[in-house]
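# Report on the structure
What follows is the residue order along each chain.
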There are 2 protein chains.
Amino acid sequence: MATPPNYHCLLNEVLSSIPLTTQSITNSYVTEQLNLETCPIVTVTSNEEAASIRSQVQPSTASRPIAQVLEQANSIFSYRLFNHHPRFFGFLPGPSHPVTLLSDLLLSSKNPHAGSWSQSSGPSAIETGLIRWLAEAAGLAEETAGGLFVSGGSMANLVGLQVARDQVSREEWEQRVKGIIYVSEQTRSSITKGLRILGFNNKQVRKVRCDEEFSMSVPNLVIMIKGDREKGLTPFLIVASCGTTNTGSLHIDGAYSASILLSKSHKHPHGISHADSISWDTRKWLFQTYGCGMVLLRNHSRLLQSFATGAEHTRDAADFGDFDTPNFWNFGSELTRLARGMRSWFSLQVLGLDCVWGGLIMGLSWGRRLRRS
Amino acid sequence: MATPPNYHCLLNEVLSSIPLTTQSITNSYVTEQLNLETCPIVTVTSNEEAASIRSQVQPSTASRPIAQVLEQANSIFSYRLFNHHPRFFGFLPGPSHPVTLLSDLLLSSKNPHAGSWSQSSGPSAIETGLIRWLAEAAGLAEETAGGLFVSGGSMANLVGLQVARDQVSREEWEQRVKGIIYVSEQTRSSITKGLRILGFNNKQVRKVRCDEEFSMSVPNLVIMIKGDREKGLTPFLIVASCGTTNTGSLHIDGAYSASILLSKSHKHPHGISHADSISWDTRKWLFQTYGCGMVLLRNHSRLLQSFATGAEHTRDAADFGDFDTPNFWNFGSELTRLARGMRSWFSLQVLGLDCVWGGLIMGLSWGRRLRRS
């Protein structure tokens, strides 16, 4: 058996090539941004091309020149949707602002372990501050308000749903079987998926009819709740995109449009401040890259009740349940986590609120134009 | 009400400052890497400093100079653990190789939506190829083998556990109440947390004693399973860090040490190829930044059975259940997801297997030294 190579042998080589390679990546990014109109909106591989790409995965034994791998990567990445293409309206877009490239690079260069306060107190302080500020924008002005940055809207919804479940029935299985959830016909798939992950049966989910404005019909909802109660069942959760009635727990899936709360001209809270939990994505109308959402809670201690664990290998870390100095691993499903919130912080600081407002206004005007046409 | 600013007004300003800012970020990264020995291992904020940082979150109305925000960010990030500090052994480290800075920047500059094949066929082809190759390294050589890149080990474990649950009892609550899970005394907290998320009661989890090698005692396990069966319960899942017996489903939490499968000199599969699902982190012994883990499955269609949804707003996308052309949103809990696997691909291509092997050997030699001292 040959002696294994020194792990460090490539460190200096890579470090010295970082300036040139980052320059190459960012140059082609800037060029692409300036010429978006001329790119195809989407390119999909043929079956043969896909097979050829799949065959390019096995690393060689030896290292390879970075520039060569970069060229290969660029060719692979060309088979994708340019989701911020100016002529693309076919899908929920990811309208990331170029400043997020800098936010992402910065976070990646620091790579903090924001699971615990002692490992990442600076970024964690920003994340708690930001969550509190956004919770306040949503009308959750209580001192107990808190939340968590997670990997996206689906995970934010999952956390909100679990908190609702655990508040109503922590260990009693029999109660869970009787728990009933109300969603509207317009509720997104991540809610149904989240309920399935949490162990709920499809028969426990009621679809409430919508009115002509696509809003959940409250009279219909009231009739359903009454009927379920008469059967001895336990209505415990309403999932609203925008709702007004609260029975048990009210979770709002505001992934896209919660950002309207930061608009000066279109601020219609519509009772959002009555929610127990809210999901809110940064990669949508906060113009970030993919990979970050938020869940906001009226009472952050409910997150602890659902997620805190006394892991043996974390017992030496002081157990910060205080939201001012949080061990975020006790607030959600991840143990190790990046300080995703720092990305939003950086972008928001650079852009300022007027620019975010401008983006919202632009999106709304496009929506109106599509509706008319 | 003032006219909202044009969202585009800052685009060119930011684009033109990208080269200088990335240079500034990467320069301070390289300097830090070359001077790690002189950094403090960890700095934690005082309460006053934390309060001061929390107060820096609200964006101003106007935009701010990027260099100014960057300076502020650097000061906030200084309050963290330098987890790859050469004198740091206190915690499971995040030993990321500098090449991952380039992988991360590249992925962020492309920002693909790898939820569906039609949006991201190039990166998706790499992800499926990489998963297959690693599954084969783990001994899952079946044509049906597959898996998913997720945000970390906790999420990988969660997916594996859910698949086991859904295979045994898809919609029958009564069966779930009788389902019994076996873990060892050494099992990580993410397993217990995952089971809680999935709706299992603590009373359904059995802790199997370990022998003097910290391995799950198989005789003890057999006695427990027999006892539970006699009570009319349904043993359905064994969670192994390294296991030999398979009853129902066998999930292996190999987050850290599964990477040993890529070592030439220490390859001891220890029955890992008998697993139904395996969790494997890239940010541990594959030397990536935080935010990526894998779940590998002997049979990828079990992921579809647990996670596929027919969402109304995705119904126009062809429903690719084929693992060669996957819509990854049907394979896990996230709808929108970054092509996290592309980061691992880029790093592995640049480093080559010998370098990864060198890193593993270095880690093992440190472990031996600590054991002796």
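Here the structure is shown first, and the text comes after it.
Let me begin by describing the structure that accompanies this report.

Criteria and cut-off values
Residues numbered from 1 in each chain as written. Chains lettered and ligands numbered in written order. Predicted model: local features only at pLDDT ≥ 70, side-chain atom pairs only at ≥ 80, totals over all residues. Heavy atoms only, no water. Buried < 20%, exposed > 50% of the residue type's maximum accessible area, 1.4 Å probe, protein only. Helix = DSSP H or I, 4+ residues; strand = E, 2+ residues; numbered from the N terminus. Pairing = 2+ DSSP bridges. Least-squares fit on C-alpha atoms with pLDDT ≥ 70 in both. Contact = heavy atoms within 4.5 Å. Core = buried A, V, L, I, M, F, W, Y, C linked by side-chain atoms within 4.5 Å. Domains from an automatic or database assignment. Phe/Tyr/Trp six-rings, centres within 6.5 Å; stacked < 30°, edge-to-face > 60°. Lys NZ or Arg CZ within 6 Å of the ring centre and 35° of its normal. Buried area = accessible area lost by both parts, 1.4 Å probe. Salt bridge = Lys/Arg side-chain N within 4 Å of Asp/Glu carboxyl O. Polar contact = N/O pair within 3.5 Å; in protein donor to acceptor, adjacent residues only side chain to side chain. Nonpolar A, V, L, I, M, F, W, Y, C, P; charged D, E, K, R; others polar. Axes fitted to C-alpha atoms, helices over the stretch in contact; angles between N-to-C directions. Parallel < 35°, antiparallel > 145°, perpendicular 65-115°, else oblique. Left-handed = near helix turned anticlockwise from the far one by under 90°.

## Some details on the pairing of strand 6 (residues 277-281) of chain B
All names here are of chain B. Among the five residues in strand 6, five count as buried, and that is most of the element. Residues Ser277, Ser279 and Asp281 point to one face of strand 6 and Ile278 and Trp280 to the other, with burial holding for every one of them. As judged from the five bridges shared by strand 6 and strand 7 (residues 293-297), these two strands associate in the antiparallel manner. In the sheet register, Ile278 faces strand 7, and the bridge partner there is Leu296.

## Digging into unusual backbone geometry
Residues and elements named next belong to chain A. The phi dihedral of Phe287 falls on the positive side, at around 60 degrees, and the residue is not glycine. In this fold, Phe287 is placed in the loop between strand 6 (277-281) and strand 7 (293-297). The buried category is assigned to Phe287, whose relative accessible area is 3%.

## A word on the relation of the copies chain B and chain A
When chain B is brought onto chain A, the operation consists of a screw motion whose angular component is 180 degrees and whose axial shift is 0.0 Å, with 0.0 Å RMSD remaining. Expressed as an axis order, the relation between the two copies is that of a two-fold axis. Residue Leu198 of chain B of chain B places its C-alpha closer to the rotation axis than any other residue of that unit, at 2.3 Å. Here 99% of the interface residues in chain B have copies in chain A that are interface residues too; the copies meet face to matching face.

## A word on the nonpolar core
By size, the foremost hydrophobic cluster in this structure holds 200 residues, and its most contacted members are Trp345 and Phe346 of chain A together with Trp345 and Phe346 of chain B. When we break this core down by domain, the ones giving at least three residues each are domain 1 (36-44 + 65-89) and domain 2 (105-372) of chain A. Once you skip the residues sitting within four places of it in the chain, Trp345 of chain A turns out to touch Ile126 and Leu130 of chain A together with Gln56, Val57, Val69, Gln72, Ala73 and Ile76 of chain B.

## Overview of the packing of aromatic side chains
Taken as a whole, this structure holds two aromatic pairs over all chains when the rule is applied. With centroids separated by 5.9 Å and ring planes inclined at 70 degrees, the aromatic side chains of Phe328 of chain B and Phe331 of chain B adopt a geometry described as edge-to-face. Given the relative accessible area of 1%, Phe328 of chain B is considered buried. Positioned above the aromatic ring of Phe82 of chain A is the side chain of Arg80 of chain A, whose terminal nitrogen or guanidinium carbon lies 4.3 Å from the ring centre.

## Quick look at the interface of chain B and chain A
Taken together, the contact between chain B and chain A spans 145 residues of the former and 146 residues of the latter. Both faces combined, the contact of chain B with chain A buries some 13700 Å², and carbon together with sulfur accounts for 66% of it. Seen at the junction of chain B and chain A, the total is zero salt bridges. One can count 42 residue pairs in polar contact (both at pLDDT 80 or more) joining chain B with chain A. When the residues that make up the side of chain B that touches chain A are grouped by side-chain class, the tally is 70 nonpolar, 55 polar and 20 charged.

## Description of the packing of helix 6 (residues 153-168) of chain A against helix 8 (residues 189-197) of chain A
Residue and element names in this part refer to chain A. Viewed as axis vectors pointing N to C, helix 6 and helix 8 meet at an angle of 50 degrees, and their least axial separation amounts to 9 Å. The orientation of helix 6 relative to helix 8 falls into the category oblique. In the crossing of helix 6 with helix 8, the sense of the turn from one axis to the other is right-handed. Across from Ser154, Asn157, Leu158 and Leu161 in helix 6, the residues of helix 8 making contact are Ser190, Ile191, Gly194, Leu195 and Ile197.

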